[in-house]
2 protein chains.
Amino acid sequence: MTSERKIYRNLVGVDEVLKIIESYRRLEPLGEEEVPLEESVGRVLSRNVYSLIDYPPYTRALVDGYAVLSSDLVGVYEDRPKTLKLVGKLSTGETRVPHISSGETVEVSTGAIVPYPADAVVPVEYTHASGDKVTFYRSVSHGENVDTAGSDIARGEVVAWKGELVTPLLVSSLAATGLKTVWVYRQARVGIIPTGNEIKYPGERLEYGQIYDSNSHMIYAFMKLLGAKPKIYERALDDPSQIGEYIDRALEENDVVVTIGGTSAGLEDYTYRAMSRLKPGIIIHGVREKPGRPLVVALHGDKILLGLPGFPMSCMQTVYLYLIPIVSKLQGLREHSIEAVRAELALPLRNEPGIRSFIPVILVQKYSGMKVFPLPGHSGRVSLISLFDGFAVLREDQEYLPAGSMVEVLLNPFSRRPEVNIIGSHDPLLQEVVSETLGASVRLVNVGSTGGLQAVKSGIADIAGSHLLDPATNEYNIPYVKSYGIDKVILIRGYLREQGLVYRKEKEPVQSISEVIDKGLSFVNRNPGSGTRVLIDKLLEDEAARRGITSSKLKAQLKGYTFEVKTHEAVAHIVASGVADVGVALRYFAIKYGLGFTSLAWERYDLIVSKESLQKPKVARLLERVKSLKGEDIEKFPGYRVDGETGKEYEF
Amino acid sequence: MTSERKIYRNLVGVDEVLKIIESYRRLEPLGEEEVPLEESVGRVLSRNVYSLIDYPPYTRALVDGYAVLSSDLVGVYEDRPKTLKLVGKLSTGETRVPHISSGETVEVSTGAIVPYPADAVVPVEYTHASGDKVTFYRSVSHGENVDTAGSDIARGEVVAWKGELVTPLLVSSLAATGLKTVWVYRQARVGIIPTGNEIKYPGERLEYGQIYDSNSHMIYAFMKLLGAKPKIYERALDDPSQIGEYIDRALEENDVVVTIGGTSAGLEDYTYRAMSRLKPGIIIHGVREKPGRPLVVALHGDKILLGLPGFPMSCMQTVYLYLIPIVSKLQGLREHSIEAVRAELALPLRNEPGIRSFIPVILVQKYSGMKVFPLPGHSGRVSLISLFDGFAVLREDQEYLPAGSMVEVLLNPFSRRPEVNIIGSHDPLLQEVVSETLGASVRLVNVGSTGGLQAVKSGIADIAGSHLLDPATNEYNIPYVKSYGIDKVILIRGYLREQGLVYRKEKEPVQSISEVIDKGLSFVNRNPGSGTRVLIDKLLEDEAARRGITSSKLKAQLKGYTFEVKTHEAVAHIVASGVADVGVALRYFAIKYGLGFTSLAWERYDLIVSKESLQKPKVARLLERVKSLKGEDIEKFPGYRVDGETGKEYEF
């Protein structure tokens with residue numbers, strides 16, 4: 001084990017990984033095969049392609065008209081026409097070529113042979129034919145309207161180079177030169193083995209404590225796009241012999257084998273041990289980077305094994321940086337690099353010295369240029385994968401980047417770069433309205449009310465949804481917009497949502513928060529910054545005052561006060577699943593989860609909109625819809641209502 | 001017919017085409033179907049996707065360590081440790097959750113359940129365990145190292161929107177939320193019918209006057225990339241009943257049918273007539289554009305027919321502008337636009353007023369910025385398809401754009417954008433050297449010697465290959481570089497090539513050009529500007545002087561003097577195929593085509609290189625190779641030799 005430990009301590013740099021692999025085994029094409037032209041798109045040519053023919057294969061007319069010797073029509077104009085003898089007609093595809101000499105002409109259609117020694121074609125509109133006589137009303141320069149055999153591609157000319165990717169356009173050139181098949185590099189076979197006791201495949205039933213495997217299908221899809229041959233294997237439990245057995249089988253059937261996840265402990269003890277049996281075995285164990293640090297690379301003969309971390313963002317980052325380049329090289333794709341841009345950081349970023357960090361960010365185009373916004377949350381957040389526009393890269397020597405500094409961003413080629421960013425508190429009615437008005441052109445990020453206000457202030461969000469109660473004034477949102485010093489925004493009054501205590505119906509109804517304390521029921525709290533948390537704390541302070549004790553003392557008596565979740569829905573879910581007895585959530589979710597409900601208050605959900613964003617037609621369209629919301633529009637949303645305030649605007 | 005003629009006279013504008021189609025039939029998705037997740041990549045979601053579960057589905061640990069109630073460790077430091085009672089262990093995937101209360105702790109590994117009401121996890125490195133006691137050396141804030149159920153994605157949250165393209169990254173989110181299948185829009189079925197008597201499929205034997213179909217495979221490949229279902233049908237001859245029959249069959253089996261080519265006459269008379277039978281029939285006949293002018297659009301019920309022009313560049317332009325957008329809309333892809341840039345025109349461009357022209361161009365990055373170079377040649381040139389970087393767009397009101405003006409360029413998404421441009425005279429030895437040193441990273445354009453010199457002068461070419469003889473000084477290339485006023489270049493002396501008269505061996509040897517004239521043999525000439533043409537004209541002038549007549553008189557006596565081809569190879573090909581009796585070409589090609597050869601001269605083939613381009617490593621590598629050419633390197637190239645001059649540099 002010492003040697004392994006030693007390896008694990010020698011983390012390698014991001015730029016060393018491929019070099020180290022190449023020092024054992026060159027990353028070069030695995031071989032070649034001949035494939036039909038129509039199946040060659042996306043593959044890489046393994047040989048130069050030389051034209052089998054001249055193109056065009058014969059000297060052809062570029063217009064409908066009459067083939068002539070240009071020397072016969074020197075000095076011919078409208079007022080000085082000349083007549084030649086018609087000695088034949090050639091339509092396209094016709095091969096019986098009449099003879100032509102000075103003083104004669106042959107009728108030709110576009111694409112037809114131009115009979116030697118004719119050297120030009122006069123367009124039909126400059127001629128008049130009657131019987132075997134054709135009169136010409138203009139001259140032609142030699143070569144005019146004639147496409148000479150081999151003038152485009154000569155037989156033996158290179159049509160495409162070894163190493164070229166076959167595209168639909170290249171297919172056109174290859175077909176034109178008569179090719180039916182081409183030689184391309186062989187596809188890499190990539191075996192994918194998810195590991196970990198907690199893993200289930202989509203469609204399977206999830207037990208408490210288990211999670212769906214999201215990485216295998218992502219890697220499978222990436223490999224398909226690369227033109228490789230991926231295969232997903234049965235998941236391996238955290239059991240060294242099983243993992244070893246699965247790896248051995250995958251090694252026989254593939255060129256590259258990828259194992260995913262298992263816990264870091266699992267990585268240490270199981271995958272790691274299984275890979276150690278191989279020859280030459282593990283060559284890299286850990287990279288000086290985040291989040292892909294736990295990467296393991298092993299070799300078995302010329303087979304390559306990658307042990308990828310299981311958290312979605314960590315896994316994806318290692319796929320981008322290592323798996324895709326490796327498979328590309330094995331399939332003969334020339335050095336491909338991920339596109340990068342430099343843009344201005346909107347918020348400061350910290351980095352661990354000596355580590356290269358890849359931080360998922362959103363890019364937003366502002367008048368002042370492209371702005372980079374780091375996305376909140378850890379590498380376990382799968383939602384980031386469909387949100388992020390790229391990775392901001394913090395180099396090993398960059399410990400701290402202040403807001404306003406330029407940072408390199410590796411672009412996510414699959415980013416949708418949506419036109420509208422709506423960031424803030426999750427609300428099912430807003431989601432419904434967005435869906436019917438904007439759909440796929442919007443990015444909806446749920447980070448809670450205060451997160452939303454900060455996002456509008458910093459400029460990332462076009463619109464923030466917020467439901468923050470100011471206990472002092474009993475007013476929603478406006479006091480917060482002021483106290484946060486947010487300007488250049490308008491607030492649009494939204495609708496009212498009824499919230500209250502939720503509990504399982506089979507238990508007896510819970511009437512008040514004090515009852516929760518007195519009965520010692522387990523409570524699930526909301527995250528600080530959420531409107532609901534403000535309401536909960538206000539209720540507890542009132543109750544504490546009533547009891548004549550400090551609110552902190554009362555909070556300590558509330559079992560689960562420190563157990564916080566981020567959304568109304570999560571509260572309802574945790575109560576419904578029996579993990580906690582009581583929480584505060586919207587009536588809408590109480591009904592959705594079949595829970596009992598005791599009303600506490602109606603809260604107001606407003607939209608705060610950046611003035612700059614009002615220019616965007618889609619933002620305008622959404623706001624119009626919200627302003628025009630009527631009772632009947634929200635009937636299918638129990639616990640919601642609109643009032644006279646709905647749609648009013650306040651400017652800041 | 002009158003009505004048809006009338007339609008044909010009313011050409012429509014480029015921007016009207018889709019609008020006119022939509023006025024008959026909305027271009028909206030054809031339907032939806034449910035597909036397995038792994039097969040959904042590249043398809044478009046036909047419904048919003050809502051999460052089936054909370055993600056993470058349970059509250060989990062983000063590190064290996066001990067789950068605690070953070071309130072138990074308030075104020076704990078290294079020098080003020082606190083010990084809690086170990087009441088259980090949870091590894092990942094384990095579902096038997098021990099109960100925990102204040103004063104207790106549970107060991108957890110990354111990804112394991114955090115037992116309620118524990119609200120934090122202390123990393124193992126800050127603890128010391130012995131027996132059922134665990135000592136803690138730091139405090140934790142609540143929520144620290146804990147990933148709360150539903151905190152990332154709440155059950156019922158929108159994971160992906162209707163109208164979104166499924167990417168490998170989206171697959172990851174969809175899998176994480178437990179989806180096994182997704183609803184996507186149906187694929188469009190696209191039937192492809194090439195027409196024209198001259199058309200053969202790749203692999204078939206080509207008769208004189210016939211040509212390979214290059215468009216069908218290109219369109220097939222494009223449709224595949226779009227995720228559509230293309231099918232290539234048997235080619236239809238220029239026969240109205242056959243075309244009609246093929247169209248009817250394709251209409252039954254597809255949503256969109258594309259006919260390609262036939263001559264413009266064929267288009268008028270055959271495809272056109274066949275489409276007229278349909279209901280509502282032809283709705284567009286001709287567009288005010290180049291080169292896609294002959295586009296025909298017809299409808300039959302809700303089936304769409306496109307008649308595309310047959311010349312490769314014309315066909316491709318209509319595919320980009322019309323076919324791809326139409327099929328995209330039918331498959332639910334949101335408005336996709338071809339990427340466009342504005343760049344500086346290096347050469348002037350003319351345009352026909354009232355017409356929008358799409359001119360294939362090469363983009364070259366210079367210190368001074370991006371430069372746009374129009375590619376020479378007509379829309380029949382298939383080689384342009386794999387060369388061009390995009391279409392320069394000349395609007396209807398732009399009759400003339402001078403060099404230096406900015407022009408819009410629609411980017412070719414499949415352009416290789418090669419690093420090195422070598423433009424000039426085609427030479428098989430240079431091609432061989434390029435192939436072994438640079439391969440796919442070079443763009444080799446054969447436009448003849450003078451074309452090459454102009455390309456270096458204008459800045460498009462890094463290197464030009466030239467073999468221009470100055471009759472006055474009997475020197476190669478250098479006089480031309482001077483007289484063209486080309487500076488900031490170096491000339492590298494290349495090698496010598498033997499050229500002479502080529503003729504079919506079964507005929508009697510041809511010893512001199514005068515013999516060609518006296519025997520009345522048919523001659524094939526080279527294009528003006530080629531080094532060989534200069535040689536031919538010099539020989540004819542000497543001969544004319546000998547005969548005491550003007551050279552123009554002598555040229556008139558040379559049968560086929562005005563019949564010009566662009567390459568040595570084309571000359572050899574035309575003589576070998578019997579179209580002409582004699583020409584002047586390299587010995588190399590005489591041997592390749594099995595022709596008789598009478599030596600006339602050794603010409604020198606040099607490289608003229610832009611000094612700016614010397615910075616490029618690949619240019620440097622190529623030049624090194626050429627300079628170091630030895631006799632043995634070129635043994636397999638008969639008719640080539642190197643001498644003391646080879647590799648010498650001349651600066652301008």
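Here is what the cut-offs are and how they apply
- Residues numbered from 1 in each chain as written.
- Chains lettered and ligands numbered in written order.
- Predicted model: local features only at pLDDT ≥ 70, side-chain atom pairs only at ≥ 80, totals over all residues.
- Heavy atoms only, no water.
- UniProt positions renumbered as here; feature names shortened; annotations may be inferred.
- Helix = DSSP H or I, 4+ residues; strand = E, 2+ residues; numbered from the N terminus.
- Rg over C-alpha atoms; globule rule 2.2 N^0.38 Å.
- Buried < 20%, exposed > 50% of the residue type's maximum accessible area, 1.4 Å probe, protein only.
- Contact = heavy atoms within 4.5 Å.
- Areas by Shrake-Rupley, 256 points an atom, 1.4 Å probe, with all protein chains shown as cover.
- Axes fitted to C-alpha atoms, helices over the stretch in contact; angles between N-to-C directions.
- Parallel < 35°, antiparallel > 145°, perpendicular 65-115°, else oblique.
- Left-handed = near helix turned anticlockwise from the far one by under 90°.
- Nonpolar A, V, L, I, M, F, W, Y, C, P; charged D, E, K, R; others polar.
- Phe/Tyr/Trp six-rings, centres within 6.5 Å; stacked < 30°, edge-to-face > 60°.
- Lys NZ or Arg CZ within 6 Å of the ring centre and 35° of its normal.
- Pairing = 2+ DSSP bridges.
- Salt bridge = Lys/Arg side-chain N within 4 Å of Asp/Glu carboxyl O.
- Domains from an automatic or database assignment.
- Buried area = accessible area lost by both parts, 1.4 Å probe.
- Polar contact = N/O pair within 3.5 Å; in protein donor to acceptor, adjacent residues only side chain to side chain.
- Least-squares fit on C-alpha atoms with pLDDT ≥ 70 in both.
- Arc of directions from axis to C-beta.

As recorded in an unreviewed UniProt entry, chain A goes by MoaB/Mog domain-containing protein and comes from Infirmifilum uzonense. Quoted verbatim from the Pathway (unreviewed entry) field of UniProt, the annotation for chain A is "Cofactor biosynthesis; molybdopterin biosynthesis."

**A short note on the overall build of chain A**
Tallying secondary structure elements over chain A gives 17 helices and 40 strands in all. Taking 652 residues into account, the globule formula puts the C-alpha radius of gyration at 26 Å, and chain A, at 35 Å, lies well above it. The principal-axis extents of the C-alpha atoms in chain A amount to approximately 120 × 70 × 50 Å. Counting the 652 residues in chain A, one finds 62% classified as buried. Counted over contacts in chain A with a minimum sequence separation of 6, partners at least 24 positions apart contribute 72%. Accessible surface computed for chain A: about 24,400 Å², of which carbon and sulfur atoms make up 51%.

**Regarding the packing of helix α2 (residues 17-24) of chain A against helix α7 (residues 312-330) of chain A**
All names here are of chain A. Running from N to C, α2 and α7 cross one another at 40°; their axes reach a closest spacing of 11 Å. Here α2 lies oblique to α7, going by the angle between them. Classified by chirality, the crossing of α7 by α2 is right-handed. Of the residues in α7, those in contact with V17, L18, I21 and E22 of α2 are Y322, P325, I326 and K329. Residue composition of the contact of α2 with α7, by class: six nonpolar, no polar and two charged.

**Structural notes on the packing of aromatic side chains**
Residues and elements named next belong to chain A. Applying the stated criterion across every chain, the model contains 26 aromatic pairs over all chains. A ring pair is formed by F358 and F391, whose centres lie 6.2 Å apart and whose planes are at 80°; its orientation type is edge-to-face. Of this pair, F358 sits in strand β24 (residues 356-366) while F391 sits in strand β26 (residues 390-394); the two residues are 33 residues apart in sequence, bridging distant segments of the chain. Judged by its relative accessible area of 4%, F391 falls in the buried class. The interplanar angle of 55° and the centroid separation of 5.7 Å between the aromatic rings of Y495 and Y640 together place this pair among those described as tilted. With Y495 in strand β34 (residues 489-504) and Y640 in strand β39 (residues 640-641), this residue pair connects regions lying 145 residues apart in the sequence. Exposure remark for Y640: the relative accessible area of 7% places this residue in the buried category. Members of the aromatic cluster, connected to one another through ring pairs, are Y495, Y588, F589, Y605, F637 and Y640. The ring of W183 is capped by R47, whose NZ or CZ atom sits 3.9 Å from the centre of that ring.

**As for the sheet that holds strand β5 (residues 82-90) of chain B**
All names here are of chain B. Pairing in this open sheet of six strands is mixed, and the strands run β7-β4-β6-β5-β9-β8 from one edge to the other. Of all the strands in the sheet, the pair left with one neighbour each is β7 (120-123) and β8 (127-130). Neighbour to neighbour, the strand axes of the sheet diverge by 35° on average, direction disregarded. In this sheet, strand β6 (residues 104-108) lies alongside β5 in parallel orientation, the contact comprising four bridges. Bridging across to β6, K89 finds its partner in E107.

**Considerations on the pattern of salt bridges**
Opposite charge on two side chains permits pairing when their charged atoms draw close. Residues and elements named next belong to chain A. For the coordinates displayed, the defined rule picks out 102 salt bridges over all chains. A salt bridge links K507 to D581; its shortest N-O distance comes to 3.3 Å. Pair noted here: K507 is in the loop between β34 and α12 (513-518) and D581 is in the loop between α15 (568-576) and β37 (582-586), with a separation of 74 residues, a long-range link. Relative accessible area serves as the criterion here: at 40%, K507 is assigned to the partly exposed category.

**Remarks on the side chain of S610(B)**
Residues and elements named next belong to chain B. One can find S610 in strand β38 (residues 595-610). By relative accessible area, S610 is classed as buried at 9%. Setting aside its immediate chain neighbours within four residues, S610 contacts V456, A461, D462, K488 and V489.

**Details of the environment of A472(A)**
Residue and element names in this part refer to chain A. Here A472 lies in the loop between β32 (469-470) and β33 (475-476). By relative accessible area, A472 is classed as exposed at 74%. For the pair A472 and K538, spaced 66 residues apart in the sequence, the C-alpha separation amounts to 9.9 Å.

**As for the domain arrangement of chain A**
Residues and elements named next belong to chain A. For chain A, the assigned domains are domain 1 (14-28 + 189-330), domain 2 (32-50 + 159-185), domain 3 (60-147), domain 4 (340-415) and domain 5 (435-651). Between domain 4 and domain 5, the C-alpha centre-to-centre distance is 30 Å. Contacts between the two partners involve ten residues from domain 4 and, on the opposite side, nine residues from domain 5. Buried area between domain 4 and domain 5, both sides added, is near 950 Å², and the carbon and sulfur share of it is 58%. Where domain 4 touches domain 5, the interface holds one salt bridge. One salt bridge connects R443 with D389, and the closest N-O pair in it is separated by 3.0 Å. Inspection of the domain 4/domain 5 interface yields two residue pairs in polar contact (both at pLDDT 80 or more).

**Quick word on the pairing of strand β8 (residues 127-130) of chain A**
All names here are of chain A. Direction of pairing for β8 relative to strand β9 (residues 133-136): antiparallel, over a ladder of four bridges. Looking at the pairing, S130 lines up with K133 of β9. Between the end of β8 and the start of β9, which pair antiparallel, lie two residues, with G131 showing a positive phi angle near 60°.

**As for the relation of the copies chain A and chain B**
Overlaying chain A on chain B yields an RMSD of 0.1 Å, the required transformation being a rotation through 180° with an accompanying axial translation of 0.0 Å. Expressed as an axis order, the relation between the two copies is that of a two-fold axis. For chain A, the smallest separation between a C-alpha atom and the rotation axis is recorded for L225(A), amounting to 5.2 Å. Both copies share a contact surface, since 100% of the interface residues of chain A are interface residues in chain B too.

**A short note on the interface of chain A and chain B**
The partner chain B presents 118 residues to the 118 residues of chain A that form the contact. Taken as a group, Y116(A), W161(A) and L169(A) account for 8% of the area that chain A buries against chain B, more than any other trio of residues on that side. Our count for the contact surface shared by chain A and chain B stands at two salt bridges. Our enumeration of links across chain A and chain B arrives at 22 residue pairs in polar contact (both at pLDDT 80 or more). In terms of residues, the side of chain A that touches chain B owes the most to one element, helix α3 (residues 168-176) of chain A, which gives eight residues. Class assignment of the residues belonging to the side of chain A that touches chain B gives a composition of 55 nonpolar, 41 polar and 22 charged.

**Some thoughts on the sheet that holds strand β17 (residues 256-261) of chain A**
All names here are of chain A. In space, the six strands of this open sheet follow the order β16-β13-β17-β21-β20-β18, with mixed pairing throughout. Two strands in the sheet have a free side with no partner beyond their single neighbour: β16 (229-232) and β18 (280-285). Strand-to-strand, the axes of this sheet are offset by a mean angle of 20°, without reference to chain direction. Both strand β20 (residues 296-300) and strand β21 (residues 303-308) contribute to a ladder of five bridges, which runs antiparallel. Among the inter-strand pairings, V297 is bridged to a residue of β21, identified as L306.

**A short note on α2(A)**
Residues and elements named next belong to chain A. Along α2, the positions that sit buried rather than exposed are V17, L18, I20 and I21. Projected down its long axis, α2 carries its buried residues within an arc of 160°, all on one side. Of the exposed residues in α2, those oriented more than 90 degrees away from the buried face are K19 and S23. Close packing links the buried residues of α2 with β18, β20, β21 and α7.

**Let's talk about unusual backbone geometry**
Note: most peptide bonds trans; most residues except glycine with negative phi. The linkage connecting Y55(B) with the following residue, P56(B), adopts the cis geometry, with an omega of -10°. Relative to the helices and strands, P56(B) is located in the loop between β2 (49-50) and β3 (60-61). Looking along the chain, the bond that leaves Y116(B) and enters P117(B) is cis, with omega of 0°. Turning to its location among the elements, P117(B) is positioned in the loop between β6 and β7. A positive phi angle, near 60°, is found at N145(A), a position not held by glycine. Take N145(A): its relative accessible area is 19%, and that puts it in the buried class. The backbone phi angle of K488(B) is positive, close to 55°, even though this residue is not glycine. Using a relative accessible area of 58% as the deciding quantity, one classes K488(B) as exposed.

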